[in-house]
Amino acid sequence: MKKLQLLFTAIIAVALMVSCGNAGKKKTESNAKAKTITGAGATFPQPFYNKIFKTYTKEQSLLVTYGGIGSGGGIRSLKDKIVDFGASDAFLSDKKLADMPGEVLHIPTCLGAVVAAYNLPGKPALKFTPELMEGVFMGKITNWNDPKIAAVNPGVNLPDLAITVVYRSDGSGTTFIFSDYMSKVSTKWAAKIGAGKALQWPVGIGAKGNPGVAGTISQTKGAIGYIGSEYAFAQGIPVASIQNQAGNFILPSLESVSASAKGEMPADTRVSLTNTTAAEGYPISSFTWLIIYKEQNYNNRSLDQATQTVKLINWIVSEATQKETTKVNYAPLPKAAVAKAKAVLAKVTYKGKALK
Amino acid sequence: MNSEKIFKYLLASSGILIVLIAVGIVATLFVGSIPSFKEYGFGFIFSSDWNPTEGRESYGALPFIIGTLMTSILALLITFPFAFSISLFLGEYFKHGKLPSFLRSVIDLLAGIPSVVYGLWGFYALRPLISELGINAQGFGIFTSSIVLAIMIIPYASSLGSEVISMVPGSLKEAAYSLGATRFEVVRNVIIPNAGSGIFAGYILALGRAIGETMAVTMLIGNSNKIPAGIFDLGNTMASLIANQFGEAEGLKYTSLVEIGLILFIITGIVNLLGKLIMKKLSA
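Residues numbered from 1 in each chain as written. Chains lettered and ligands numbered in written order. Predicted model: local features only at pLDDT ≥ 70, side-chain atom pairs only at ≥ 80, totals over all residues. Heavy atoms only, no water.

I'm lost on the pairing of strand β6 (residues 164-168) of chain A in this one. Help?
Side-chain positions along a regular strand alternate between the two faces of the sheet. All names here are of chain A. Counting buried positions along β6 yields five of five residues, so the element is predominantly enclosed. Two elements, β6 and strand β8 (residues 223-228), share three bridges in a ladder whose sense is parallel. From the neighbouring strand, V165 faces β8, where its bridge partner is I224. (Buried < 20%, exposed > 50% of the residue type's maximum accessible area, 1.4 Å probe, protein only. Helix = DSSP H or I, 4+ residues; strand = E, 2+ residues; numbered from the N terminus. Pairing = 2+ DSSP bridges.)

Take a look at the structure:
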């Protein structure tokens, strides 16, 4: 009996502790001042966000925190309404938009690309056509001395060396952009593999993150893989030129990535830039987006919280902030994209009324 | 209430809290894996397809269950001769002195090294060696991971063993010696039967550690989501798959990963249970 009593008391004690924890959470008043703005999502633009949010926190004395938990995590966090904004490398499909509890807006913040990096003795500069990309990454071309590679790269000394494909083992926006491109240029790829953040690879080795892929390539003779451009540019990794839709071989650079966004853009900014029609554009480029709810009154958020969130995003797409992109190896938004982004931001409401 | 009682309640409530947390973890895994279970049923365990591409999604746990068991059991086999020798050396042959205490510190140090450091060492030092020896082309795979795992689990496998070996009653050993037994005979006929269950417990602990290891394995196994063709092939383990793919997972993939977590939990549970059963048999 005494033991039972002891057990009960203990359970009640635990229950009390738990309930106290809940009671501690104060509901925010709708007229409260915003103290912090929280975002989470894609790791690809994280160096850019870290840099500018630090500046913003200093200038506006408003703390902006960003968690690089992956695009999927960013979307989930926004769905669970625990962040002010999410971030994703892939725009939400119509189906995923319908799954969200409210209307979601996309705001592009900068551009990046995915590059093909390789490890060959003598570090020759290589050119790839979409057909070569298909052959190599689907395991049909297995040796560097394959005549198909030599035909596109006349004069390059190609060794008798097995090709080792390296891919991302973790789910990643980088993989999505790469496979989105491959699906557009190769019907075989589209039929057999498809586009996604993680794939069923026919050949190769999986490595975690950009550093993992880059490290494996640099350590393995004959390896080829794909890496986020911001990482490849920062590390000075040799990368291939890729033939775009116009037939030009384009070396990835901040200019050629920015140039890929010169085409038409829908009003909701959800557009894929891979296999761009722009003549000078690098064909495996992409926007990266912030996502927010159109109606900002959720989870007892205050009006000021909503206003500050939109103000922050307006500041990100402003000309001065866009200049910061190149310092961390991203490409700035073209003017037309900035105009579209601002138009999207103008749609944001709080309790149905437009924000000032 | 006097302080005696308060102390007692405090102890009891913290104990119950741990139980609640453990139950909560199982419940979360269980609830999280229901959608995947509804979709695939028990076929999930036997399907070897892992295709996360939207529109052709299909998930199965078999390659990762096999990968996990292969790496951890191979690691245990590799670690066994070393761990056993160390336990005997420290527990019986050289209990005291500078060399044994140095050896002990080094082994303790092995347990304290973060697994990512093991992964880095494997990546930069062991992998080139494996590929140079021609074991496989890139040096990644089950075998490479198992070697690194074997080194990681030596402290777990050996420290408990040396402890129980040193606790074998001196009177028993002396009796054997007085009957004319050699040292080897004492080890074989007195120490091993006496300390067997404790030594074995150490190996179970080590196996559990190898099954759950994530980071070092991810860096070395090649992360190929197929059933490995042999110990020199690439593969993937359950823990490594979850760590890799959880960040971007949603929908069916998310719940399939949770179900893999549940299976991992159950396998670890079974290993521990089996270990306890065998220990009981050995000590009886």
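From this point on, the discussion continues.
Looking at this structure, how should I read the nonpolar core?
One finds F128(A), F137(A), W144(A), F178(A) and F287(A) to be the most contacted residues of the largest nonpolar core, which totals 92 residues. Per-element accounting of this core gives the leading share, ten residues, to strand β4 (residues 104-118) of chain A. When residues of this core are assigned to domains, at least three fall in each of domain 1 (2-112 + 286-354) and domain 2 (114-285) of chain A. Those residues in contact with F178(A) that sit more than four places away from it in its chain are V114(A), M133(A), F137(A), W189(A), W201(A), Y226(A) and I284(A). Counting residues in each nonpolar core, the second largest holds 59 residues, with Y203(B), L207(B), A216(B) and L257(B) among its members. (Core = buried A, V, L, I, M, F, W, Y, C linked by side-chain atoms within 4.5 Å. Domains from an automatic or database assignment. Contact = heavy atoms within 4.5 Å.)

Explain the sheet that holds strand β7 (residues 205-207) of chain A to me, please; I cannot follow it from the model alone.
Where strands meet in a sheet, backbone hydrogen bonds hold them as pairs that are either parallel or antiparallel. Residues and elements named next belong to chain A. The eight strands are arranged β2-β1-β3-β11-β4-β8-β6-β7 in an open sheet whose pairing can be described as mixed. For this open sheet the edge positions go to β2 (63-68) and β7, each flanked by a neighbour on one side alone. Pairwise comparison of adjacent strand axes, ignoring direction, gives a mean angle of 25° for this sheet. Here three bridges tie strand β1 (residues 36-41) to strand β3 (residues 85-88), and the two strands are oriented parallel to one another. Bridging from a neighbouring strand, G39 pairs with F85 of β3. Packed onto the sheet, helix α7 (residues 173-185) meets β4, β6, β8 and β11 (285-293) and runs at close to 110° relative to β8. (Axes fitted to C-alpha atoms, helices over the stretch in contact; angles between N-to-C directions.)

Would you mind going over the UniProt feature "domain: ABC transmembrane type-1" (unreviewed entry) in chain B with me for this structure?
Taken from the UniProt record, the annotation "domain: ABC transmembrane type-1" (unreviewed entry) applies to residues 65-275 of chain B. Along residues 65-275 of chain B the backbone is 78% helical and 0% strand, and the end-to-end C-alpha distance reaches 19 Å. (UniProt positions renumbered as here; feature names shortened; annotations may be inferred.)

What is the right way to look at the sheet that holds strand β5 (residues 127-128) of chain A in this model?
All names here are of chain A. Reading across the sheet, the three strands line up as β5-β9-β10 and stay open at both edges, with mixed pairing between neighbours. Lying at the two open borders of the sheet, with one neighbouring strand each, are β5 and β10 (249-250). By the bridge criterion, two bridges tie strand β9 (residues 241-243) to β10 in an arrangement that is antiparallel. Bridging from a neighbouring strand, Q243 pairs with F249 of β10.

I keep staring at the side chain of S145(B) and nothing clicks. Help me out?
All names here are of chain B. By the element assignment, S145 lies in helix α6 (residues 142-166). Overall, S145 belongs to the buried group, its relative accessible area being 1%. Among the polar contacts made by the side chain of S145, one reaches the main-chain carbonyl oxygen of G141 at a distance of 2.8 Å. (Polar contact = N/O pair within 3.5 Å; in protein donor to acceptor, adjacent residues only side chain to side chain.)

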